[in-house]
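# Structure assessment
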Amino acid sequence: MTTIAELPPGFADKVLSAQSTFRSVMDAMARPGSVQRIVPAAGTPETMMRGTAAIALTLFDHDTPLWLDARMAERPDVVKWLKFHTGAPVVQDSSIASFALIGDGAALPALERFALGTSEYPDRSTTLILQVESLESGRPFELRGPGIDGTAMLQASIKPFDLFERLHLNEALFPRGIDVVLVADEAVVAIPRTTRIVSKGS
Amino acid sequence: MNAPAYNFAYLDEQTKRMIRRAILKAIAIPGYQVPFASREMPMPYGWGTGGVQVTAAILGPQDVLKVIDQGSDDTTNAISIRKFFAKTAGVATTTATEEATVIQTRHRIPEAALNENQVLVYQVPIPEPLRFLEPRETETRRMHALAEYGLMHVKLYEDIARFGHIATAYAYPVKVNARYVMDPSPTPKFDNPKMDNCPALQLFGAGREKRIYAIPPYTQVVSLDFEDHPFEPYRFNAPCALCAAENSYLDEIVTDDEGGRMFVCSDTDYCEGRQAAGHHGSLSAAPYKEKAQEASNG
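Residues numbered from 1 in each chain as written. Chains lettered and ligands numbered in written order. Predicted model: local features only at pLDDT ≥ 70, side-chain atom pairs only at ≥ 80, totals over all residues.

What chain A contains, in helices and strands, is 6 helices and 9 strands. A compact globule built from 202 residues should have a C-alpha radius of gyration of about 17 Å, and chain A, at 16 Å, falls within 12% of that. Considering only C-alpha atoms, chain A reaches an extent of 50 × 30 × 30 Å along its principal axes. In chain A, buried positions account for 50% of the 202 residues. For chain A, the share of sequence-separated contacts (at least 6 apart) that also reach a separation of at least 24 residues comes to 73%. (Helix = DSSP H or I, 4+ residues; strand = E, 2+ residues; numbered from the N terminus. Rg over C-alpha atoms; globule rule 2.2 N^0.38 Å. Buried ≥ 20, exposed ≤ 12 C-beta atoms within 10 Å, placed from the backbone. Contact = placed C-beta atoms within 7 Å.)

Here you go:
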């Protein structure tokens, strides 16, 4: 059994690390497709990337129901670490989650199973935090939408392969929808619900 | 020295997390008003508590903060908020628009073009553009959900019927990303075109009304109008009396009780910058200063 003493630590400097992590995520959300860096300053349980851990410490608390995919949920150290450092309640029902942590993108459930918000309150939707292989190399994706001057190019190696096809639901549902934060170690890219894919290579 | 009595940037971490989550959703849904649990701040409502909370949630030690009130860096509200963050966050402050990374503003957008590394934080009194047309929050929320904005066009039309032109001069409604009608806060409509396709991120905080909303960079912002009555920014037809600027937003200042008045740039940093660069208006004190200096040198 892991005791609390054996858990990896949280932020060494709670206040300033949370601030710099937030600014990276905010810049990522404001400029979709741009790769932002998170300066890792926290211990990280296995299966959780350094960027994911920093985002968890920055944004999660007792007000944010959290859904974990099987890859994350099967690791007691991940669950304990999240519980100890953030206090976020882990829920089984993905449709009431504020955040969903996805360790294995290939097994991403249908996006309709997450909270999509309501027409009156579209902000009450799940933010997906999806760990991916790379945000520097891989298939090119050409994106457009608010926050992007013309179009933006993202090169990424992402699972599920059809993520952007699935995100088409954002187009039909807007202003309801799903916002996605892609994490590859300490690199972060956000795909808010307003971002559209123009083209992609293979 | 005593231990600091407050957390960095005044707000506690739980509050910052809550505000930060609201900011992220606001950016993801441009123009939509995200409810947030606004806190009591050590200043009264109406003094920018919404803007202060947004600024406190984003501010870091590397930031350089500028605060303006009606374009001026030197009014009570601007000075006290600047001092507040200098004291609670220890951040550098400036009056120069180009040097700032975070600009908190009440009722103006700076004249100097903003860049990608800047965040503009607006203080908002009434975030709901439909509020004076429909007092019920449940109804305005439904109108936004259905994108039912006919009432706003009726209001602008009534302006035309009554005055012959759209007489709304400030808080002029805009449509963001072709979806949400948004109140740009009581900025003069002169500033509306600056919001469109702006390289800087724009965040709006309404403390009393507990709403945060945003315009991401490079987002379409259109001022509502009619084909036969297109939107026109308004400006007093005069050059600035201090710096002779022909394209800046002007304040009218009454100078005596006999109808005397002068028009000066509302953006003090812009006006001072122009004067320093050698532009002089009809009432500029600069030539006298220069003469005084010459006299003292000679």
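For the rest of this paragraph, the subject is the packing of helix H1 (residues 13–28) of chain B against helix H2 (residues 49–58) of chain B. Residues and elements named next belong to chain B. Put simply, H1 and H2 touch, their axes get as near as 9 Å, and they point 100 degrees apart. Judged by the inter-axis angle, H1 sits roughly perpendicular to H2. Here Lys 16, Ile 19, Arg 20 and Ile 23 of H1 come into contact with H2, specifically with Gln 53, Val 54, Ala 56 and Ala 57. (Axes fitted to C-alpha atoms, helices over the stretch in contact; angles between N-to-C directions. Parallel < 35°, antiparallel > 145°, perpendicular 65-115°, else oblique.)

All names here are of chain A. Secondary-structure assignment places Thr 195 in the loop between strand S8 (187–191) and strand S9 (196–200). By C-beta crowding, Thr 195 is classed as buried, having 26 other C-beta atoms within 10 Å. Taking C-alpha positions, Thr 195 is 8.7 Å from Glu 171, a pair spaced 24 residues apart along the chain.

Note on interface size: it is often stated as the accessible area lost on association of the parts. Facing the 29 residues of chain A at the interface are 30 residues of chain B. With 12 residues, the top contributor of residues to the side of chain A that touches chain B is helix H1 (residues 14–30) of chain A. Grouping the amino acids of the side of chain A that touches chain B by side-chain chemistry returns 14 nonpolar, 5 polar and 10 charged. (Nonpolar A, V, L, I, M, F, W, Y, C, P; charged D, E, K, R; others polar.)

Residue and element names in this part refer to chain B. Taken in spatial order, the 7 strands make up an open sheet running S1-S9-S8-S5-S4-S2-S3, and their pairing is mixed. Two strands lie at the open edges of the sheet, namely strand S1 (34–35) and strand S3 (92–93), each paired on one side alone. Where H2 meets the sheet, it contacts strand S4 (102–106), strand S5 (119–123), strand S8 (201–206) and strand S9 (211–215), and its direction lies at approximately 150 degrees from that of S5. (Pairing = 2+ DSSP bridges.)

Our focus in this paragraph is the sheet that holds S9 of chain A. By way of backbone hydrogen bonds, the strands of a sheet pair with one another, either parallel or antiparallel. Residues and elements named next belong to chain A. Strand order in the open sheet formed by 3 strands is S6-S5-S9, with antiparallel pairing between adjacent strands. A strand with exactly one partner marks an edge of an open sheet, and here the two such strands are strand S6 (152–157) and S9. Put simply, the sheet's adjacent strands are angled 50 degrees from each other on average, direction ignored. Summarising the sheet, strand S5 (residues 134–144) and S9 pair through 4 bridges and their orientation is antiparallel. Residue pairing in the sheet places Phe 141 in a bridge with Lys 200 of S9.

Residue and element names in this part refer to chain A. With respect to burial, S8 is a largely interior element, 5 of its 5 residues being buried. Residues Ala 187, Val 189 and Ile 191 line one face of S8 and the alternating positions Val 188 and Ala 190 line the opposite face, and both faces are buried. Here 2 bridges tie strand S1 (residues 36–37) to S8, and the two strands are oriented antiparallel to one another. Bridge pairing links Gln 36 to Val 188 in S8.

All names here are of chain A. Where H1 contacts helix H2 (residues 50–59), the axes come no closer than 9 Å and their chain directions differ by 110 degrees. One finds that H1 runs roughly perpendicular with respect to H2. Facing Ser 17, Ala 18, Thr 21, Phe 22 and Val 25 of H1, the residues of H2 in contact are Ala 54, Ile 55, Leu 57 and Thr 58. In terms of residue class, the contact of H1 with H2 is built from 6 nonpolar, 3 polar and no charged.

Looking now at the environment of Tyr 234 of chain B. All names here are of chain B. With respect to the helices and strands, the residue Tyr 234 is situated in the loop between strand S10 (221–223) and strand S11 (250–254). The class of Tyr 234 is partly exposed, set by 16 C-beta atoms lying within 10 Å. Each C-alpha atom, one on Tyr 234 and one on Thr 187, is 12 Å from the other, the two residues being 47 residues apart in sequence. For Tyr 234, the residues in contact, after removing those within four places along its chain, are Ala 169, Lys 189 and Phe 190.

This part takes up H2 of chain A. Most of H2 of chain A is tucked away, with 9 of its 10 residues classed as buried. Taken together, the buried positions of H2 of chain A are occupied by Gly 51, Thr 52, Ala 53, Ala 54, Ile 55, Ala 56, Leu 57, Thr 58 and Leu 59 of chain A.

Ranked by size, the top nonpolar core spans 121 residues in total, and within it Val 25, Ile 129, Val 181, Leu 182 and Val 188 of chain A together with Ile 23 and Ala 26 of chain B carry the most contacts. Per-element accounting of this core gives the leading share, 8 residues, to H1 of chain B. Not counting residues within four places of it along the chain, the set of residues in contact with Ala 26 of chain B comprises Tyr 32, Val 34, Ile 212, Tyr 213 and Ala 214 of chain B. Core analysis: the next-biggest nonpolar cluster, separate from the first, contains 13 residues, Phe 190, Cys 240, Ala 241 and Val 264 of chain B among them. (Core = buried A, V, L, I, M, F, W, Y, C linked by C-beta atoms within 7 Å.)

This paragraph deals with the environment of Gly 71 of chain B. Residues and elements named next belong to chain B. Looking at the secondary structure, you find Gly 71 in the loop between strand S2 (64–69) and helix H3 (76–88). The buried category is assigned to Gly 71, around which 29 C-beta atoms lie within 10 Å. Between the C-alpha atom of Gly 71 and that of Tyr 249, which follows or precedes it by 178 residues, the distance is 9.2 Å. When sequence neighbours within four positions are dropped, the list of residues in contact with Gly 71 reads Arg 108, Tyr 249, Ser 266, Asp 267 and Thr 268.

With that out of the way, let us pick up the confidence of the model for chain B. Summing up the model confidence of chain B, the mean pLDDT is 93 and the portion of residues at 70 or higher is 94%. Here the complex is predicted with pTM 0.95, and the ipTM for its interfaces comes to 0.97. (pLDDT = per-residue confidence, 0-100.)

Okay, unusual backbone geometry next. Residues Lys 159 of chain A and Pro 160 of chain A are joined by a peptide bond in cis, for which omega reads 0 degrees. A positive phi angle, close to 60 degrees, is found at Ala 9 of chain B, a residue other than glycine. Among the residues examined, Ala 9 of chain B registers 24 C-beta atoms within 10 Å and is labelled buried. Phi at Ala 147 of chain B is positive, roughly 55 degrees, even though this residue is not glycine.

Okay, H2 of chain B next. The buried fraction of H2 of chain B is high, at 10 of 10 residues. For H2 of chain B, every residue scored as buried is listed here: Thr 49, Gly 50, Gly 51, Val 52, Gln 53, Val 54, Thr 55, Ala 56, Ala 57 and Ile 58 of chain B.

Another aspect to go through is the pairing of S6 of chain A. Residue and element names in this part refer to chain A. Across the two faces of S6 the burial differs, with Ala 152, Leu 154 and Ala 156 buried and Met 153, Gln 155 and Ser 157 not buried at all. Bridging between S5 and S6 involves 6 bridges; their strand directions are antiparallel. Residue pairing for S6: Arg 139 is matched across the bridge by Ala 156.

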